[in-house]
Amino acid sequence: MASPKKPRRTAERILETTLQLFNAFGEPNVSTTLISAELHISPGNLYYHFPAKDELVNALFNRYEQELAELLAASDNVRHVEDAWLFLHMLFELIWKYRFLYRDLNDLLFKNRRLETHFQDLLGAKEQAMRQLLSGLHLGGALKMELREAAPTASSMVVVLSYWLSFEYVRNPRRALEPELAGQALLRGAFHVLSLLLPYLEPDSKEHLFQLAGRYQSPPTS
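One structure accompanies this document, and this report is about it. Please read all numbers here as calculations on a predicted model, not as lab measurements.

Each value, and the rule that gives it
Residues numbered from 1 in each chain as written. Predicted model: local features only at pLDDT ≥ 70, side-chain atom pairs only at ≥ 80, totals over all residues. Heavy atoms only, no water. Helix = DSSP H or I, 4+ residues; strand = E, 2+ residues; numbered from the N terminus. Buried < 20%, exposed > 50% of the residue type's maximum accessible area, 1.4 Å probe, protein only. Contact = heavy atoms within 4.5 Å. Core = buried A, V, L, I, M, F, W, Y, C linked by side-chain atoms within 4.5 Å. Salt bridge = Lys/Arg side-chain N within 4 Å of Asp/Glu carboxyl O. Axes fitted to C-alpha atoms, helices over the stretch in contact; angles between N-to-C directions. Parallel < 35°, antiparallel > 145°, perpendicular 65-115°, else oblique. Left-handed = near helix turned anticlockwise from the far one by under 90°. Nonpolar A, V, L, I, M, F, W, Y, C, P; charged D, E, K, R; others polar. Expected span 1.5 Å × (residues − 1). Bend = angle between axes of the 7 residues up to and from the residue.

1. Examining the overall build of the protein chain
Phase 1 of the analysis: Counting its secondary structure elements, the protein chain contains eleven helices and zero strands.
Phase 2 of the analysis: When its helices and strands are written in sequence order, the protein chain yields α-α-α-α-α-α-α-α-α-α-α.
Phase 3 of the analysis: For the protein chain, the spread of C-alpha atoms along the three principal axes comes to 60 × 45 × 35 Å.
Phase 4 of the analysis: Within the protein chain, the fraction of its 222 residues that count as buried is 44%.

2. Concerning the side chain of Ser 162
Phase 1 of the analysis: Its location among the elements puts Ser 162 in helix H9 (residues 147-171).
Phase 2 of the analysis: According to the relative accessible area criterion, Ser 162 is buried, its value standing at 7%.
Phase 3 of the analysis: In this structure, Ser 162 is in contact with Tyr 102, Leu 123 and Lys 126, ignoring residues within four places of it in sequence.

3. Things to note about the nonpolar core
Phase 1 of the analysis: Tyr 64, Phe 87 and Leu 101 are the most contacted members of the largest nonpolar core, which totals 69 residues.
Phase 2 of the analysis: When residues in this core are grouped by element, the largest group, ten residues, is from helix H5 (residues 81-97).

4. What about the pattern of salt bridges?
Two side chains carrying opposite charge are able to pair once their charged atoms lie near each other.
Phase 1 of the analysis: Taken as a whole, this structure holds twelve salt bridges when the rule is applied.
Phase 2 of the analysis: Two residues, Glu 27 and Lys 53, come together in a salt bridge whose shortest N-O distance is 3.2 Å. With Glu 27 in the loop between helix H1 (6-25) and helix H2 (32-39) and Lys 53 in helix H4 (residues 53-72), this pair connects stretches of sequence that are 26 residues apart.
Phase 3 of the analysis: Among the residues examined, Glu 27 registers a relative accessible area of 2% and is labelled buried.
Phase 4 of the analysis: Residues Glu 67 and Lys 97 are paired through a salt bridge, measuring 3.1 Å at the closest nitrogen-oxygen approach. Highlighted residues: Glu 67 in helix H4 and Lys 97 in helix H5, separated in sequence by 30 residues.
Phase 5 of the analysis: Owing to a relative accessible area of 26%, Glu 67 belongs among the partly exposed residues under this scheme.
Phase 6 of the analysis: Looking at Lys 97, the relative accessible area reads 37%, which means it is partly exposed.
Phase 7 of the analysis: One continuous salt-bridge network, built from bridges that share partners, spans Glu 27, Lys 53, Asp 107 and Lys 111.

5. A word on the packing of H5 against helix H10 (residues 179-195)
Phase 1 of the analysis: Where H5 meets H10, the axes come as close as 9 Å, and the angle between the chain directions of the two elements is 135°. Put simply, H5 runs oblique to H10. Seen along the crossing, H5 lies across H10 with a hand that is right-handed. Of the residues in H10, those in contact with Val 81, Ala 84, Trp 85, Leu 88, His 89, Phe 92, Glu 93 and Trp 96 of H5 are Pro 179, Ala 182, Leu 186, Leu 187, Gly 189, Ala 190, Phe 191, Val 193 and Leu 194.
Phase 2 of the analysis: Residues that form the contact of H5 with H10 fall into these classes: 14 nonpolar, two polar and one charged.

6. Quick notes on H9
Phase 1 of the analysis: The terminal C-alpha atoms of H9, which comprises 25 residues, lie 35 Å apart, in line with the 36 Å expected from a rise of 1.5 Å per residue.
Phase 2 of the analysis: Along H9, the sharpest change in direction is near 55° and occurs at Tyr 163.
Phase 3 of the analysis: Those residues of H9 lying buried are Ala 150, Thr 153, Ala 154, Met 157, Val 158, Leu 161, Ser 162, Trp 164, Leu 165 and Glu 168.
Phase 4 of the analysis: The inward-facing, buried residues of H9 contact H5, helix H6 (100-103), helix H8 (113-139) and H10.

7. Quick look at the packing of H8 against H9
Axis angle and axis distance: for two packed helices, these are the angle between their axes and the distance between the axes, and together they describe the pair.
Phase 1 of the analysis: The N-to-C vectors of H8 and H9 enclose an angle of 120°; their axes lie 8 Å apart at closest approach. Comparing their axes, H9 and H8 come out oblique. The interaxial crossing formed by H8 with H9 has right-handed handedness. Packed against H8, whose contacting residues are Leu 123, Lys 126, Glu 127, Met 130, Arg 131, Leu 133 and Leu 134, the element H9 presents Ala 150, Ala 151, Thr 153, Ala 154, Ser 155, Met 157, Val 158, Leu 161 and Ser 162 at the interface.
Phase 2 of the analysis: The residue makeup of the contact of H8 with H9, split by class, is ten nonpolar, three polar and three charged.

Laid out in structure tokens, this is it:
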């Protein structure tokens, strides 16, 4: 059996390392020189695969975009609070995986035209998924909501979803986004997105949500 082609293997290593560095230090603070040094390859080898830093950003964004599209499709299956809890937690895990996009979002959108346009599409896809989630919960008997209330509620859910990690960082800049604390941050995020539905949830579903929150959450560590 023929071995994998070296260029493809090297490109994969470059993207994996770049993602780790972007997540750890923020995209503006990571140079191509640092990436090549971390990989123990020459800058020329890096440029052969990705001639510009924006191409690294775009390649990682492409992966995020594809994984997000696959995950958002699961919103069709939400019927109960626990379904919604699991779905949102998976969304937060994906955001965490590519957290550099959200950590430096304004800067990236300003510098990168492709991200500027495509991120708007992602916001629309997220809103559509949240509306589908609300519809599914309604069909499952978990909440009552007028049609005119669904759109603004879905938008509010996307706002919390998109900026939750920034909120956690502001609350605890030194430790909030360290890997050992990330799990609890994501669970808090899932609860706070769903807490927007508290006025509409049926009593049993509301109680179930609080039980889920109590089971999986703990107070933030200072």
